[in-house]
Amino acid sequence: MDYDIIIIGAGPGGIFAAYELSKGDPSLRIAVFESGNELDKRKCPIDGDKVKACINCEHCSIMSGFGGAGAFSDGKYNITNDFGGTLHEYIGKREAIGLMEYVDEINLSHGGEGTKLYSTASTSIKKLCMQNKLKLLDAQVRHLGTDKNLVVLGNLFKELSEKVDFLFCTPVSEIEPIEGGYRVEAGATSHTCERCIVSVGRSGSKWMEGLCRKLDIPTESNRVDIGVRVELPATLFAHLTDELYESKIVYRTQKSGDNVRTFCMNPRGIVVNENTNGIITVNGHSFEDPQRQTENTNFALLVSKHFTEPFKDSNGYGESIARLSNMLGGGVLLQRFGDLIRGRRSTHERIREGFVTPTLTAEPGDLSLVLPKRILDAIIEMIYALDKIAPGTANDDTLLYGVEVKFYNMHVKLASNLETRHPGLYVIGDGSGVTHSLSHASASGVFVARDILGKL
Ligand SMILES: Cc1cc2nc3c(=O)[nH]c(=O)nc-3n(C[C@H](O)[C@H](O)[C@H](O)COP(=O)(O)OP(=O)(O)OC[C@H]3O[C@@H](n4cnc5c(N)ncnc54)[C@H](O)[C@@H]3O)c2cc1C
């Protein structure tokens, strides 16, 4: 065999699997195949000047390359079983938390020291939420910030590249079971290994579907989360963000009984475009460095949709809604809350006259032409509910960017050690449908590495 272990994908799942394996047994021959670039060559061409919109690069620098989808993220590592994935259902709650804490230690020892760990334990905000029909989920969150997150990734790469072979710009096309292991094909080259860890994240979801079909690995459809990104003056949410940094708040709507939740809160951050398979959606992040902070806070409001029979393509549904916003706005649409509730589109002039300056250039429009009524009603209800704990949330000038879609990979059928029905073939991270966060994806990498080390 060319390698003992081949890891596919250099996102947090793949990185932490490689880290733990090479630390546990330095004699192991490990290779990481990554379809994107190394960290310092990852550059999105959109500069807002010459290139204003996505030009569909062969490998999206935002989603692919060393660091995976999380490289330019806000670097929020949530230590919790309440959200971010269902790893605990496979490995147990205590072990999952222990692994997330271990990942946190590694991040701290690789450049993340000095960053703040926020916690919901003993906060009075919990009671305030309950009094207003809102639920604050329990979590600890380490906020690395986009800048420190890149420092940590750079240090991890420096250390790992001495022990592990990294093959960048090398998308894997096939994995074929052979006697005693697997053949991994990437373009014209092919390599063999005893064990293979697949960690291809959301950007590898279509490829993953094909692989499961080919290797007869059962899958199940997952949910899709659809909503908007809210941007408002940071001061309105300061009492929440100063204490908790990110608060995950859930509200059950009166009208439909649907749950709406806050997601990915970025105090003093910026709103950004996200490209998933050529569809432009919205996201956000923030910087640890005060010089790079803005006067706005942004967060998503999301409603989950899970389809069963006869329609199962939750992601296809989310994509169609996102495509509609791209069709009307050429990308992401932007609307003032006041315009939305008055049933009129926003215009450049109305946005300019408002008191909140958008941090992302997006086309003013009408989100009610894009989002299904049930989802839009739920979001509006949630904004009024949040207004009770953070007065001003429902101001006319609050900005709504649409659409934000969180796609989830289908659930790959895995044993409790995250191994497929093919011995030695593991699926971890977001590509497995088990995780959907930095901390859970990283923890799943450490878990599988330890499982393999235990068998060697
Ligand atoms: C803008 C943004 C902000 C985010 N912010 C946060 C946050 O603050 N906190 C949080 O918890 N989560 C955040 N997330 C989510 C988080 O980034 C993911 O949950 C996490 O990166 C998943 O890790 P992963 O290793 O499973 O997959 P990924 O990070 O997606 O990595 C998978 C890698 O596999 C590669 N790949 C795919 N297919 C192939 C193939 N066939 N061959 C070779 N390589 C392949 C991809 O190029 C990619 O680099 C954010 C995501 C985005 C996009």
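Residues numbered from 1 in each chain as written. Predicted model: local features only at pLDDT ≥ 70, side-chain atom pairs only at ≥ 80, totals over all residues.

Caption draft 1: Representation of the overall build of the protein chain in the model. In terms of regular secondary structure, the protein chain is built from 12 helices and 22 strands. Relative to its length of 456 residues, the protein chain is compact, with a C-alpha radius of gyration of 22 Å against a globular reference of 23 Å. Principal-axis analysis of the C-alpha atoms gives the protein chain an extent of 65 × 45 × 45 Å. The contacts of the protein chain with a sequence gap of at least 6 include a subset with a gap of at least 24, amounting to 76%. (Helix = DSSP H or I, 4+ residues; strand = E, 2+ residues; numbered from the N terminus. Rg over C-alpha atoms; globule rule 2.2 N^0.38 Å. Contact = placed C-beta atoms within 7 Å.)

Caption draft 2: A look at the sheet that holds strand 5 (residues 134-136). The mixed open sheet is built from eight strands, whose spatial order is 5-13-14-17-12-20-18-19. Every interior strand has two partners, whereas the edge strands, strand 5 and strand 19 (363-364), have only one. The sheet contact formed by strand 12 (residues 224-233) and strand 20 (residues 399-407) spans eight bridges and is antiparallel. Across the sheet, residue aspartate 225 finds its bridge partner in strand 20, namely lysine 406. On the sheet, helix 8 (residues 314-329) packs against strand 12, strand 17 (296-305), strand 18 (333-336), strand 19 and strand 20 and is oriented at approximately 150° with respect to strand 20. (Pairing = 2+ DSSP bridges. Axes fitted to C-alpha atoms, helices over the stretch in contact; angles between N-to-C directions.)

Caption draft 3: Quick peek at the site of the ligand. Around the ligand sit 43 residues in total, of which Gly9, Gly11, Gly68, Gly201 and Gly429 are the nearest. The set of elements that each furnish at least two residues to the shell around the ligand consists of helix 1 (12-24), strand 3 (76-79), strand 16 (279-285) and helix 12 (438-455). Grouping the constituent residues of the shell around the ligand by class yields 12 nonpolar, 25 polar and six charged. (Near = placed C-beta within 6 Å. Nonpolar A, V, L, I, M, F, W, Y, C, P; charged D, E, K, R; others polar.)

Caption draft 4: Broad picture of helix 7 (residues 234-244). Turning to helix 7, its buried residues are Ala234, Leu236, Phe237, Leu240, Thr241 and Leu244. Looking straight down helix 7, one finds that the buried residues subtend no more than 125° of arc, so they occupy a single side. Along its buried surface, helix 7 packs onto strand 4 (116-119), helix 4 (125-131), strand 12, strand 14 (259-266) and strand 17. Positive backbone phi, approximately 65°, marks tyrosine 245, located one or two places after helix 7. (Buried ≥ 20, exposed ≤ 12 C-beta atoms within 10 Å, placed from the backbone. Arc of directions from axis to C-beta.)

Caption draft 5: Structural context of the pairing of strand 14. Taken across its eight residues, strand 14 has six buried, putting it largely inside the fold. The sheet contact formed by strand 13 (residues 249-252) and strand 14 spans three bridges and is antiparallel. The residue of strand 14 that forms the bridge with arginine 252 is asparagine 259. Between strand 13 and strand 14, which pair antiparallel one after the other, the connecting turn spans six residues, and glycine 257 there sits at a positive phi close to 75°. The pairing of strand 14 with strand 17 spans five bridges and is antiparallel. Bridge pairing links arginine 261 to leucine 302 in strand 17.

Caption draft 6: Seen up close, the sheet that holds strand 4. Read from one edge of the open sheet, three strands run 3-6-4, paired in antiparallel fashion. The sheet terminates laterally at strand 3 and strand 4, the two strands that pair on one side only. Pairwise comparison of adjacent strand axes, ignoring direction, gives a mean angle of 20° for this sheet. Both strand 4 and strand 6 (residues 140-143) contribute to a ladder of four bridges, which runs antiparallel. Pairing of leucine 117 across the sheet is with arginine 142, part of strand 6. Of the strands in this sheet, strand 3 and strand 6 touch helix 3 (residues 93-112), which is tilted by about 150° from strand 3.

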